[in-house]
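Structural description and commentary
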Protein chains: 2
Amino acid sequence: MPATLTTQSEVDVLIIGAGPAGLMTANALANARVNVRIIDKRAAQVTAGQADGISPRTIEVFQSYGIGERLLREGCQVHLAAFYNPGPNGGIIRTGRAPDVTAPTARYPFELALHQAGIESIFLDSMKNLGVEVERSTVPTKIELSSDEALLNDPQSYPVRVTLDHLETTEGPTTEVVKAKYVLGADGAHSWVRRAFDISMDGEQSDFIWGVLDMVPDTDFPDIRNKALIHSNNGSCLLVPREEDRIRIYMQLSDKQVLNPETGRVDKDRMGPPQLLEVAQKSLHPFKLEPLNEINWWTLYIIGQRVASKYSINNRVFIAGDACHTHSPKAGQGMNASMNDAHNLAWKLAFVLRGWSGMELLSTYESERRKYAQDLIAFDKQFSTMFSGKPKTEQDLDGVSHEEFMGAFQTFGGFTSGIGVHYSPSVAVKNTHQALASKLVIGERVPPQVFVRAADAWPFELQDLLPSDFKFKLLVFTGDHNVPAQQARVRAFAEGLEKPGSFYTRYAPPGTGGKGAVVQNRFEVITIWDGKKEEVNYLDIPAVLRPHWTNVLIDDVDCTGKMGGNGYDYFGISPDGAVVVVRPDGYVGTIAPLYAIDGIEGYFAAFMQASA
Amino acid sequence: MPATLTTQSEVDVLIIGAGPAGLMTANALANARVNVRIIDKRAAQVTAGQADGISPRTIEVFQSYGIGERLLREGCQVHLAAFYNPGPNGGIIRTGRAPDVTAPTARYPFELALHQAGIESIFLDSMKNLGVEVERSTVPTKIELSSDEALLNDPQSYPVRVTLDHLETTEGPTTEVVKAKYVLGADGAHSWVRRAFDISMDGEQSDFIWGVLDMVPDTDFPDIRNKALIHSNNGSCLLVPREEDRIRIYMQLSDKQVLNPETGRVDKDRMGPPQLLEVAQKSLHPFKLEPLNEINWWTLYIIGQRVASKYSINNRVFIAGDACHTHSPKAGQGMNASMNDAHNLAWKLAFVLRGWSGMELLSTYESERRKYAQDLIAFDKQFSTMFSGKPKTEQDLDGVSHEEFMGAFQTFGGFTSGIGVHYSPSVAVKNTHQALASKLVIGERVPPQVFVRAADAWPFELQDLLPSDFKFKLLVFTGDHNVPAQQARVRAFAEGLEKPGSFYTRYAPPGTGGKGAVVQNRFEVITIWDGKKEEVNYLDIPAVLRPHWTNVLIDDVDCTGKMGGNGYDYFGISPDGAVVVVRPDGYVGTIAPLYAIDGIEGYFAAFMQASA
């Protein structure tokens, strides 16, 4: 033990690593007012390069935390993808352009490019407003998880001990022993937390080598501001436009190009900016490509396609992001997968820490996100093989044709956009009554749709009414109010909610008697009515279904006729109505008919608990 | 002269009054980096009440200064108007609901309500970032304009002397004599500046008395969150929803209700909150209306319908806002008219102060805005008379029917939205070649339309590419590039622009030789091409028409097919193309064919001058 001051402390959640996964978690938990700390060994924020594009689903998630506007203001949008293949004269020619995002329900139908420092700053500023800052120059040196069952089973105990070295304090280096309820290792591909618990990485043994260049180009290439997938006889490369007139070029390299034959290690003298530029230039021939000024950033990296064998130890120590999954940069998924791991975990931690849920909810983090990572790797392999494979030519009929490649690009659209993510049944996903809202797929995120507020005809995007505020939303589709049988169903549901002992009253925190107060806590009722703005009277809805006048929507176009309308059709809502339970992360948890509140009852009973 | 310290100073523009008109001007001039000061006699910002709604056009203008997002975030949107009339049982019944904004080209098809302090804060924060703050507790006591012709004719001279008393400095009250190039009186309905120059107010002699109440209501009135125009046998009133669940009620009152019969003056004991509430309650019968808590704000005011006989003295001292025009609050136009006065004046002042234009440009402020104010008063009279008139009933066939009133409401939509404002020919509006772009009406603002960027298929709202950045925009509609004759026209126009002595090169500030630099100053070229995103190569456009790759748009739908497209049709663009000159305030200045650059030449020659 070093001769330094050692302090002790307690914290609910300790996050190790302040990259995108760690910051996303910290920001989410800060929003939930969870007692959280986040440390990073680096002395300062990354300032250039790194990170991939931001997918349409990730933009939706940012928006749900109230930080989407800034992301959209600062990022560079990528709408179109251009495909190049070998032409008759040796150089490349364009074989087509197609939308870069092919997911039809994407609210933001584009990818965004923003440098990692830009993304991190959005989180840092948001967290700072909530009183949480990254503790830098702080290195974890030891982590222990108690094996005491009683401790492990008590969600409020502190079974994890982490020793931290603070390298740059005013008193010189200090050591701190932190007792934590939960720890998250968001410490990257070489995760210290993962290794400390000997979690293996499953998958391919072999690694691929990638080169990356950022520059402002001087070029006559007509797709320099689109995503360009270039399949040439001189190697494949991927061009992605970035902020401030920059572009990024990804090139897959061979061992021969990069490794020193004597040492077997990456040799930066063999492959630096001039050599990377030459690789790109050869691939782009006959188009010109030169940096207008200097190369802004470059890197080489070696990466395999692997997934961690588990995502948690006893639901006390978790890993997220690159610590769990590594893959190629081609589909631009790395950072998105990481931030969505965090988004999935954060509300579950908050619920358990608030005493609202048992620890079984935490198990769904691994089941939901590890499955996704496995799918991601499978996708990555297929896509990478196609992309790196030889182009099909008259001489080489075994190569990949443009049509095959375009087909794959579009097929995988739901995947690369993040929109198609589907969580399987678990305590948090109960697959019943799907037919009552056939297009609100249980286990998938709620697609965007504009509804109009009943009281004032103000159009709202439904996703904006489902913020990441750590509440379950009950979307009560009441159907057509003019049908008397339907009015009776709605009344029955409203009475069911209000009944003493219903889930809605039972999970009320003690001491918050009033109905309004209950509603503010775990649930938010949003009533969506099949009515016309010229006719409806929002006061006709039973009071429990309109905790505030703003909570009643109608399925109608707005006053211009240009927004909204046909939401019942679009969501496949039964004329009998439906209650759709949306999880705090925006995914459909279950669906129930208006007449059978028991279905919802059972869903919540599987993991929710009344406060102590 | 008081025995206080007297200082002397010089400023380019001195603004007297920090209400909406003054702040809009100060913020605009701060954006233009004009040397500006703004004073106000009040010690602090207004904190509650006051101000009317914000019209669709005003929102567009805010957006053009980069402050629209915050306005939209903070304001309460009003989409629907409900009309109530006397029912068979004595109380009111709803006769219909209709869109509150009927201007079909409105980009923001709603009115916004935001308290005056909220609006002012948007300006104050924006100005502060640009280094300009309001000097409060500062009272002007004397203003003199030189009669020396030579001084008056030199746009850079200081012919105005204003004496200011600073009431609250650390050294006690001080006096300052400010020499200003230009002075703006934005000092309200009782304008000191206007009276100092004996500018008369033309119009009706008689005044109307209005009562206003702000509250959070407890009510069963189903249109409490819509704008409600209530025409009852117990008086008319207007309800407008506001932020934070509040509403505002406007009631027109009679002399008998308000004036003390002995003094003939307003008697606040006769008409305070309880009496106002009673007036509203009678009008709303049989619906319940009570304040949920206290009355948030109330006022009585007396106002006539009048327009100032002139808006400037020698184009050196100007008045704007309520100083120029007073009218009823019914159509919610007061603040909008004021801020649009400011928007009209600011760029003209900036151009003259930069030496880019002669003072003749300043004369268009009065010609454009006074005409508008006269139209506003005419509208207000017609609308007010209808609104305050007796409802038509079986007993009283002379009254105003619901249909007549609804008709008037919709007819005036272009007017109340601010969208229909049309400036007549002047040195800044040249009415030629309208047919080449038939729907881009010369003298009106450019309507919103989404175009897609040629290089990257990113959809942009054209209005966002026409910011209030004190540049003239040249919208070059190049037509169909596949037509050879059209290519020739485009080349000819490009060559015309580049020719030495063309307006585009002639008005280059000295010492900024490079073409790029010229473009950055007074003009911005935006090329809009009739092409498809799958096919176009933005490099095919002559270089002078794409000063940056972002300046080339195409008339196509975006990648989702949901935004953009048909812009040529929507704007009525001739297949031969057109050049549309947009003024820095977003209004169409003139139109010319591609082949005749002389038209544009002549337009600018009428007021523009080469820098000294």
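Taking an unreviewed UniProt entry as the reference, chain A is identified by name as FAD binding domain-containing protein belonging to Coniophora puteana. Its UniProt record gives chain A the following Sequence similarities (unreviewed entry) comment, quoted word for word: "Belongs to the PheA/TfdB FAD monooxygenase family."

1. A few points about the overall build of chain A
The helix and strand inventory of chain A stands at 17 helices and 27 strands. Relative to the compact-globule value of 25 Å for 612 residues, chain A shows a C-alpha radius of gyration of 26 Å, a close match. Every one of the 612 residues in chain A was classed for burial, and the buried ones make up 60%. Looking at chain A alone, contacts between residues at least 24 apart form 71% of all its contacts between residues at least 6 apart. As displayed, chain A has an accessible area near 22,900 Å², and 50% of this comes from carbon and sulfur atoms. If the 58 positive side-chain charges of chain A are averaged to one point and the 73 negative ones to another, these points end up 2 Å apart.

2. A look at the relation of the copies chain B and chain A
Overlaying chain B on chain A yields an RMSD of 0.0 Å, the required transformation being a rotation through 180° with an accompanying axial translation of 0.0 Å. Such values leave the two copies arranged in the relation of a two-fold axis. The position closest to the rotation axis in chain B is occupied by the C-alpha of Glu69(B), lying 4.7 Å away. An overlap of 100% is found between the interface residues of chain B and their copies at the interface of chain A, pointing to a shared contact surface.

3. Quick look at the confidence of the model for chain A
Residue and element names in this part refer to chain A. On average, residues of chain A score 90 in pLDDT, and 95% of them reach the 70 mark or higher. Counted against residues more than four places away or in other chains, residues 511–520, with its pLDDT under 50, gives 10 contacts. Scored as a complex, the prediction yields pTM 0.93 and ipTM 0.91.

4. Some points on the sheet that holds strand S17 (residues 306–308) of chain A
All names here are of chain A. With respect to topology, three strands assemble into an open sheet ordered S11-S17-S20, the strand pairing being antiparallel. With partners counted over all chains shown, the strands left at the sheet margins are strand S11 (201–203) and strand S20 (325–326), one partner each. Bridge analysis of S11 against S17 gives three bridges, and the strand direction is antiparallel. Bridge pairing in S17 links Met 201 to Ala 308. Across the sheet, helix H10 (residues 360–388) touches S11, S17 and S20, and the angle it forms with S17 is around 170°.

5. Some details on the sheet that holds strand S16 (residues 289–303) of chain A
All names here are of chain A. Spatial strand order, S5-S4-S13-S14-S15-S12-S16: seven strands in an open sheet with mixed pairing. Looking at the sheet topology across the chains shown, the edges are occupied by strand S5 (92–99) and S16. Ignoring which end each strand starts from, the neighbouring axes of this sheet average 20° apart. For strand S13 (residues 227–232) and strand S14 (residues 235–241), the ladder comprises five bridges, and the chain directions are antiparallel. For Leu 229, the partnering residue across the bridge sits in S14 and is Leu 238. Each of strand S4 (80–86), S5 and S13 touches helix H11 (residues 402–411); the most contacted strand, S4, lies at about 155° to it.

6. Comments concerning the packing of aromatic side chains
All chains considered together, the criterion is met by 56 aromatic pairs over all chains. Geometrically, the ring pair formed by Phe503(A) and Tyr504(A) is edge-to-face, given 6.1 Å between the ring centres and 70° between the ring planes. Seen from their ring centres, Tyr603(A) and Phe604(A) are 5.1 Å apart, and the 70° between their planes marks the pair as edge-to-face. Taking relative accessible area as the criterion, Tyr603(A) reaches 1% and is therefore assigned buried. What links up through ring pairs into an aromatic cluster is the set Trp347(A), Phe351(A), Trp356(A), Phe472(A), Phe503(A), Tyr504(A), Phe523(A), Tyr603(A), Phe604(A) and Phe607(A). For the cation-ring pair, Lys268(B) lies above Trp298(B), with the distance from its terminal atom to the ring centre recorded as 5.0 Å. A cation sits over an aromatic face here: Arg354(B) above Trp356(B), 4.7 Å from the ring centre.

7. Overview of the pairing of strand S1 (residues 6–16) of chain A
Residues and elements named next belong to chain A. The pairing of S1 with strand S10 (residues 174–185) spans 10 bridges and is parallel. Among the inter-strand pairings, Val 11 is bridged to a residue of S10, identified as Ala 180. As paired elements, S1 and strand S2 (residues 36–39) share four bridges and run parallel to each other. When the bridges of S2 are listed, Val 13 appears paired with Val 36.

8. Digging into helix H8 (residues 273–284) of chain B
Residues and elements named next belong to chain B. Taking 1.5 Å as the rise per residue, H8 with 12 residues should run 16 Å; its terminal C-alpha atoms sit 16 Å apart, in good agreement. Turning to H8, its buried residues number three or more, namely Leu 276, Leu 277, Val 279, Ala 280, Ser 283 and Leu 284. Each buried residue of H8 lies within a common arc of 155° when the element is viewed along its axis, so the set occupies one face.

9. Re unusual backbone geometry
All names here are of chain A. The omega torsion across His 285 and Pro 286 is 10°, close enough to zero to call that bond cis. The residue Pro 286 is located in the loop between helix H8 (273–284) and S16 in this model. Backbone geometry at Ala 457 places phi at a positive 60°, although glycine is not the residue there. Tracing the sequence through the fold places Ala 457 in the loop between strand S21 (450–453) and strand S22 (459–461). By relative accessible area, Ala 457 is classed as buried at 1%.

10. Observations regarding the interface of chain B and chain A
Interface extent is often summarised as the accessible area lost during association of the parts. In this complex, chain B contributes 35 residues to the contact, which on the side of chain A involves 35 residues. With both sides pooled, the region where chain B packs onto chain A buries about 3,000 Å², and carbon together with sulfur makes up 53% of that total. Where chain B meets chain A, there are two salt bridges. Taking the shortest distance from any N to any O, the salt bridge between Glu69(A) and Arg73(B) comes out at 3.0 Å. Joining chain B to chain A, the criterion identifies 12 residue pairs in polar contact (both at pLDDT 80 or more). For the side of chain B that touches chain A, the secondary structure elements donating two or more residues are helix H3 (68–74), strand S3 (76–78) and strand S5 (92–99) of chain B. No other element matches the three residues that S5(B) contributes to the side of chain B that touches chain A.

11. A short note on the domain arrangement of chain A
All names here are of chain A. The assigned domain composition of chain A is domain 1 (6–75 + 114–203 + 306–384), domain 2 (77–111 + 207–303 + 389–404) and domain 3 (434–605). The straight-line distance from the C-alpha centre of domain 1 to that of domain 3 is 33 Å. The partner domain 3 presents 15 residues to the 19 residues of domain 1 that form the contact. Carbon and sulfur atoms make up 55% of the surface buried where domain 1 meets domain 3, a total of about 1,400 Å² over both sides. At the junction of domain 1 with domain 3, the criterion picks out two salt bridges. When the shortest N-O distance is used, the salt bridge between Arg 445 and Glu 60 registers 2.6 Å. At the junction of domain 1 with domain 3, the criterion picks out nine residue pairs in polar contact (both at pLDDT 80 or more). Where the side of domain 1 that touches domain 3 is concerned, the elements lending two or more residues are helix H1 (20–31), helix H2 (56–64) and helix H9 (334–353). When residues in the side of domain 1 that touches domain 3 are grouped by element, the largest group, seven residues, is from H9.

So, how was this worked out
Residues numbered from 1 in each chain as written. Chains lettered and ligands numbered in written order. Predicted model: local features only at pLDDT ≥ 70, side-chain atom pairs only at ≥ 80, totals over all residues. Heavy atoms only, no water. UniProt positions renumbered as here; feature names shortened; annotations may be inferred. Helix = DSSP H or I, 4+ residues; strand = E, 2+ residues; numbered from the N terminus. Rg over C-alpha atoms; globule rule 2.2 N^0.38 Å. Buried < 20%, exposed > 50% of the residue type's maximum accessible area, 1.4 Å probe, protein only. Contact = heavy atoms within 4.5 Å. Areas by Shrake-Rupley, 256 points an atom, 1.4 Å probe, with all protein chains shown as cover. Lys, Arg positive; Asp, Glu negative; His and termini not counted. Charge placed at Lys NZ, Arg CZ, Asp CG, Glu CD. Least-squares fit on C-alpha atoms with pLDDT ≥ 70 in both. pLDDT = per-residue confidence, 0-100. Pairing = 2+ DSSP bridges. Axes fitted to C-alpha atoms, helices over the stretch in contact; angles between N-to-C directions. Phe/Tyr/Trp six-rings, centres within 6.5 Å; stacked < 30°, edge-to-face > 60°. Lys NZ or Arg CZ within 6 Å of the ring centre and 35° of its normal. Expected span 1.5 Å × (residues − 1). Arc of directions from axis to C-beta. Buried area = accessible area lost by both parts, 1.4 Å probe. Salt bridge = Lys/Arg side-chain N within 4 Å of Asp/Glu carboxyl O. Polar contact = N/O pair within 3.5 Å; in protein donor to acceptor, adjacent residues only side chain to side chain. Domains from an automatic or database assignment.

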